[in-house]
Amino acid sequence: MTFRSSRRELLVSGAGAVAALGAGAGPVFAGQADGRKLGYAIVGLGMYADVILPRFAECRHSRVTALVSGSREKALRYAAQYGVPESGLYSYETFDTIRDNPEVDIVYVILPNGMHHEYTLRAAAAGKHVMCEKPMANTAAEAEEMIAACRAAGRKLMIGYRSHFEPANREAMRIVREGELGRPRIVTAETGFNIGDPTQWRLNRALAGGGSMMDIGIYSLQAARYLTGEEPVSVSAVESTDRSDVRFREVEDTINFQLTFPSGVVANCVSTYGSNHNRYRVVGTDGWLDAEPATAYNGNRLRLRRGRETVELTPPALAVNQFSGQLDHLSQCVMTGAEPIVAGEEGLKDMRIIEAIYRSAREGRAVTLQA
Ligand code: NDP
């Protein structure tokens, strides 16, 4: 059986058939950047920096030229591995002198959440553009200050929302927003993992800003927003945390939250530090789209149901990977003057909604969001 989509024709031979993803899977930015590679300084050499650093090898417009770490020994080791000169190594104390390093165009803040605000402000004061990891900050007020500081310095600010550069998620956005499921009705999104070491910064309120919602629930929130392309008008949330569990003395474990959007579509979302989840589903009047895993580093899978057929959509083998796509996007924006598709304002929207989710859970009532 054959069915048509707006941009491609899928050949379907029954449930479980495989089809290539469509145009949504291509590179995000096709502007006229020149051939230079802009220099990135990576701040904080932890787990996620280990994911990002190898991906510069696949970048067309970005390279790593500086490292900022509390450990000189670690910085020297990483410098040798990634070809960073010793003149590009900084501690947190010497970080501000990065202003004198012409090899650094962009500072990438990959620190605990509670440090994002300070290092974004210091990077902007040093005249550098900023990539900041999610969640953007501990509070919406901090996020506003970060946007203002970068704007005052005439520098770009982008948030590390990698799913916007990931082929399966881009295709999912396209399918939903172009109406291939008919009118979207219900989104379900679940993200979580069983968190371990009770002494880690993710369980420290000052360094993390909150619990699972700040760290992993934000992926469910993002998915609900980028799949529908709408902003929620109200939220209601219920928290469930065992305060006798040593891990949850300061931050929450599980939050179930519901978002209502202007068109009437409703998103039911789970955020948890107690069990493993990484999936979303959009159900429309004419079918559904299912993603699992949905926002993994690789291997994300989509299944599309329309009529009586279910097809598995596979990303093209040579699609730009989400990490180098994200890094090059900011470099291209700096070179062309364009705004990043996930600028600071996008991070601020999430911070405002997260604060409303916490408030709803605390007060036991639905919270209306400002348009
Ligand atoms: P890690 O704990 O693995 O690394 C954080 C690094 O920050 C440390 O290794 C350390 O680097 C530095 N640091 C400075 N001060 C402190 C402190 N007081 N406590 C702990 N670390 C400190 O965290 P992750 O790499 O997992 O997370 C960092 C950020 O990246 C977070 O905001 C997180 O939300 C985000 N993230 C994003 C992901 C994504 O997919 N977009 C995935 C994972 C994380 P050094 O020793 O060099 O000083």
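Computed from a prediction, not measured in an experiment: that's the story for all the values here. (Residues numbered from 1 in each chain as written. Predicted model: local features only at pLDDT ≥ 70, side-chain atom pairs only at ≥ 80, totals over all residues. Heavy atoms only, no water.)

Some words on the nonpolar core
And step 1. Judged by nonpolar contacts, the single largest core of 108 residues is most densely connected at I42 and L67.
And step 2. No other element matches the 10 residues that helix α7 (residues 212-228) contributes to this core.
And step 3. In this structure, this core is formed jointly by two domains, domain 1 (12-161 + 323-341) and domain 2 (163-319 + 350-368), each of which donates at least three residues.
And step 4. If sequence neighbours within four positions are ignored, I42 has contacts with A49, I52, L53, F56, V64, A66, L67, V68, Y108 and I110. (Core = buried A, V, L, I, M, F, W, Y, C linked by side-chain atoms within 4.5 Å. Buried < 20%, exposed > 50% of the residue type's maximum accessible area, 1.4 Å probe, protein only. Helix = DSSP H or I, 4+ residues; strand = E, 2+ residues; numbered from the N terminus. Domains from an automatic or database assignment. Contact = heavy atoms within 4.5 Å.)

Structural notes on the pattern of salt bridges
And step 1. Overall, the coordinates contain 29 salt bridges when judged by the stated rule.
And step 2. The salt bridge partner of R279 is E190, with a shortest N-O separation of 3.4 Å. Residue R279 is found in strand β14 (residues 277-284), and its partner E190 is found in strand β10 (residues 184-192); the two are separated by 89 residues along the sequence.
And step 3. Judged by its relative accessible area of 22%, R279 is partly exposed.
And step 4. Of the residues examined, E190 reaches a relative accessible area of 22% and is grouped as partly exposed.
And step 5. Each of the salt bridges in this network shares a partner with another, and the network as a whole consists of E190, R279, R281, D290, E292 and R303. (Salt bridge = Lys/Arg side-chain N within 4 Å of Asp/Glu carboxyl O.)

Some details on the site of the ligand
And step 1. Taken together, the neighbourhood of the ligand is formed by 26 residues, with S69, K74, Y92, N113 and R162 sitting nearest.
And step 2. Here an oxygen atom of the ligand sits 2.9 Å away from a polar atom, N or O, in the main chain of Y48.
And step 3. Between Y219 and the ligand, the recorded distance is 2.9 Å, taken from a side-chain N or O atom to an oxygen atom.
And step 4. In isolation the ligand exposes 890 Å². Once the protein is present, 81% of that is buried.
And step 5. Looking at the shell around the ligand, the elements that each hand over two or more residues are α1 (47-52) and α7.
And step 6. Partitioning the shell around the ligand into residue classes produces 13 nonpolar, seven polar and six charged.
And step 7. Here the shell around the ligand spans two domains, and each of domain 1 (12-161 + 323-341) and domain 2 (163-319 + 350-368) adds at least three residues to it. (Near = heavy atom within 4 Å. Polar contact = N/O pair within 3.5 Å; in protein donor to acceptor, adjacent residues only side chain to side chain. Areas by Shrake-Rupley, 256 points an atom, 1.4 Å probe, with all protein chains shown as cover. Nonpolar A, V, L, I, M, F, W, Y, C, P; charged D, E, K, R; others polar.)

Some words on the environment of S275
And step 1. Relative to the helices and strands, S275 resides in the loop between β13 (266-272) and β14.
And step 2. In this structure S275 touches G192, F193 and N194, once residues within four positions along its chain are discounted.
And step 3. Separated by 2.8 Å, the side chains of S275 and H277 make a polar contact.

A few points about the domain arrangement of the chain
And step 1. Each assigned domain of the chain is listed here: domain 1 (12-161 + 323-341) and domain 2 (163-319 + 350-368).
And step 2. On a C-alpha basis, the centres of domain 1 and domain 2 stand 24 Å from each other.

Here we look at the pairing of strand β11 (residues 234-240)
And step 1. Across seven bridges, the pairing between β11 and strand β12 (residues 254-260) is antiparallel. Within β12, the position partnered with S236 by the bridge is Q258.
And step 2. Two elements, β11 and strand β18 (residues 367-368), share two bridges in a ladder whose sense is antiparallel. Counterpart to V235 in the pairing with β18 is V367. (Pairing = 2+ DSSP bridges.)

Description of the sheet that holds strand β5 (residues 62-68)
And step 1. A sheet is described by the order of its strands in space; here six strands give the open sequence β6-β5-β4-β7-β8-β9, paired in parallel fashion. Either end of the sheet is taken by a strand with one partner, and the two such strands are β6 (89-90) and β9 (157-159).
And step 2. As paired strands, strand β7 (residues 106-109) and strand β8 (residues 129-132) are joined by four bridges and run parallel to one another. Across the sheet, the residue bridging to I106 is H129, located in β8.
And step 3. Relative to the sheet, helix α3 (residues 116-125) contacts β4 (38-43), β7, β8 and β9, its axis offset from that of β8 by approximately 165°.
And step 4. In this fold helix α8 (residues 322-336) packs onto β4, β5, β7, β8 and β9, with an angle of close to 130° to the strand it touches most, β4. (Axes fitted to C-alpha atoms, helices over the stretch in contact; angles between N-to-C directions.)

Details of the side chain of N138
And step 1. Of note, N138 is situated in the loop between β8 and α4 (140-153).
And step 2. Residue classification places N138 among the buried residues on the basis of a relative accessible area of 15%.
And step 3. Looking at N138, its side chain comes within polar contact range of the main-chain nitrogen of G114, at 3.4 Å.

Examining the packing of α4 against helix α9 (residues 344-363)
And step 1. Contact geometry of α4 with α9 gives a least axis separation of 8 Å together with a crossing angle of 165°. Classified by the angle their axes make, α4 and α9 are roughly antiparallel. In this structure, the crossing between α4 and α9 has a hand that is left-handed. Mapping the contact onto sequence places A140, A143, E144, I147 and R151 in α4 and G344, E345, L348, M351, R352 and E355 in α9.
And step 2. Among the residues forming the contact of α4 with α9, the class breakdown is five nonpolar, one polar and five charged. (Parallel < 35°, antiparallel > 145°, perpendicular 65-115°, else oblique. Left-handed = near helix turned anticlockwise from the far one by under 90°.)

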